[in-house]
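# Inside the fold
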Amino acid sequence: MLTELVTDYLNYLEYERALSKNTIEAYGHDIFAFFEFVSGNFKIDEIDSIKRTHISAYNRHLASCGISPVSIVRKIASIKGFFRYLCVNDKLKKNPALALSSPKITKKLPKVISVQEIEKLLAAHLNIMQKALFELFYATGLRVSELVNLEYKNTDLKTNIIRTMGKGSKERIIPIGTKAKAALKVYFKEREITVLTTDEGRRNQKYVFLKPDGKRITRQYVYTFVHNLGKKIQKDISPHTIRHSFATHLLENGADLRVVQELLGHSSIVTTQLYTHISKKRLREVYFSINSD
């Protein structure tokens, strides 16, 4: 019975909410982990026997295991979503997760690097594909998954735009600048040879970024590439750093917050507003560095 309810919920997330496979798997793992805890500690096997006290106990259990508040919030959100679904669809009379509190999270400002540091990274010794990848990454602020899965047909160098599918399968149209366009033009000539001369290239030709052997780049490849590149400026950076820097530099140069929200694919303006704090913080740092003498 429980497995069927969870399966129904996960199908709802996939077919009606159009969430990604990874997100759905995470929800399923969170929900089953909770029921394993309840069953083992309270001998409860029926869904309608679960009370808010059981979820609160699970919350405390996660904290005692040293799990971060961010991860706990996500896990509890998975459980809340499941019970809300059951109640809305009349599969459960009372929602035990209603009004359940979650641990408070202190928001940290995302790490960013300066325009000058970006230029140093672009001046590093990169191969043709890496140069195009980094130029496009910084020019568009794509998520890593969006960069890895970007399709060749959705990269239009005539109109200078790319199309990408973001969270919730929402399409975004993002303009690309002259430097990114120039780097892509050079790379596409090399890519064409890869597609024509390698079996892997023919199999993967729908995707933009291919290694010289024709294999697709992976999320891990991008993380490792960016991390190693950061050593050129003596900083520990990740792909998130490039995305955050893209947004911050836009705002510092007068871009409208709503435009940046659209480019990043944020569903809420509140998420994008975090970058305004970064801009103000950086402006203060520049001001005090100039006036410190």
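Residues numbered from 1 in each chain as written. Predicted model: local features only at pLDDT ≥ 70, side-chain atom pairs only at ≥ 80, totals over all residues. Heavy atoms only, no water.

## Side note on the sheet that holds strand β2 (residues 161-165)
Backbone hydrogen bonds hold the strands of a sheet together, and the pairing may be parallel or antiparallel. Within the open sheet, the 3 strands sit side by side as β1-β2-β3. Their pairing is antiparallel. Edge positions in the open sheet fall to β1 (155-156) and β3 (171-175), since each of these has one partner strand only. In the sheet, β1 pairs with β2 via 2 bridges, with the strands oriented antiparallel. Bridge pairing links D156 to I161 in β2. (Pairing = 2+ DSSP bridges. Helix = DSSP H or I, 4+ residues; strand = E, 2+ residues; numbered from the N terminus.)

## What to know about the confidence of the model for the protein chain
Per-residue confidence for the protein chain averages 87 on the pLDDT scale, and 87% of its residues sit at or above 70. Every residue in residues 286-293 is under pLDDT 50, and counting partners more than four places away or in other chains gives 0 contacts. (pLDDT = per-residue confidence, 0-100. Contact = heavy atoms within 4.5 Å.)

## Some remarks on the pattern of salt bridges
Inspection of the entire model under this criterion finds 12 salt bridges. Measuring nitrogen to oxygen at the nearest pair gives 3.2 Å for the salt bridge that ties K91 to D8. Taken as a pair, K91 in the loop between α4 (69-88) and α5 (115-122) and D8 in helix α1 (residues 2-15) lie far apart in primary sequence, 83 residues in all. A relative accessible area of 33% means that K91 is categorised as partly exposed. Taking the relative accessible area as the measure of exposure, D8 reaches 31% and is therefore partly exposed. A salt bridge links E151 to K206, with the nearest nitrogen and oxygen atoms 3.4 Å apart. Taken as a pair, E151 in the loop between α7 (144-148) and β1 and K206 in the loop between α9 (199-203) and α10 (219-230) lie far apart in primary sequence, 55 residues in all. When salt bridges that share partners are traced, they join D30, R74 and K75 into one network. (Salt bridge = Lys/Arg side-chain N within 4 Å of Asp/Glu carboxyl O. Buried < 20%, exposed > 50% of the residue type's maximum accessible area, 1.4 Å probe, protein only.)

## A look at the environment of L263
With respect to the helices, strands and loops of the structure, L263 is situated in helix α12 (residues 257-264). Owing to a relative accessible area of 14%, L263 belongs among the buried residues under this scheme. Residue contacts for L263: discarding those within four places in its chain leaves T140, R172, I174, P175, F246 and L250.

## A few points about the pairing of β3
Side chains R172 and I174 of β3 all project onto a buried face; the interleaved residues E171, I173 and P175 project onto a face where none is buried. Pairing geometry for β2 and β3, over 5 bridges, is antiparallel. Paired with I162 across the strands is I174, a residue of β3.

## Things to note about the nonpolar core
With 48 residues, the main nonpolar core has F209, V222 and I242 as its most contacted residues. If you list the elements that add at least two residues to this core, you get α5, α6 (128-140), α7, α8 (178-197), α10, α11 (239-252) and α12. With 7 residues, α6 is the largest single contributor of residues to this core. What I242 contacts, discounting residues up to four positions off in sequence, is I113, I118, F134, F137, Y138, V226 and I237. (Core = buried A, V, L, I, M, F, W, Y, C linked by side-chain atoms within 4.5 Å.)

## Let's talk about the side chain of S78
By secondary structure assignment, the location of S78 is in helix α4. Classification of S78 as buried rests on a relative accessible area of 2%. S78 has contacts with Y9, Y27, D30 and I31, leaving out every residue within four places of it along the chain.

## Notes on α12
Regarding α12, the residues found buried are L257, V260, Q261, L263 and L264. Here the buried residues of α12 occupy an arc of 165° about the axis, which is enough to place them on one side. Opposite the packed face of α12, turned more than 90 degrees from it, sit the exposed residues R258 and E262. N-capping of α12 is provided by D256, with a side-chain oxygen placed 2.8 Å from the backbone N of R258. Once α12 ends, the next one or two residues include G265, with phi positive near 80°. (Arc of directions from axis to C-beta. Polar contact = N/O pair within 3.5 Å; in protein donor to acceptor, adjacent residues only side chain to side chain.)

## Topic: α1
Because each turn of an α-helix spans 3.6 residues, side chains separated by three or four positions end up pointing in the same direction. Between its terminal C-alpha atoms α1 stretches 20 Å, which fits the 20 Å expected from 14 residues at 1.5 Å a residue. Inspection of α1 places L5, V6, Y9, L10 and L13 among the buried residues, and these make up the whole buried set. End-on, the buried residues of α1 take up no more than an arc of 130°, which puts them together on one face. Across α1 from its buried face, at more than 90 degrees, point the exposed residues E4 and Y15. Packing partners of the buried residues in α1 comprise α2 (21-42) and α4. (Expected span 1.5 Å × (residues − 1).)

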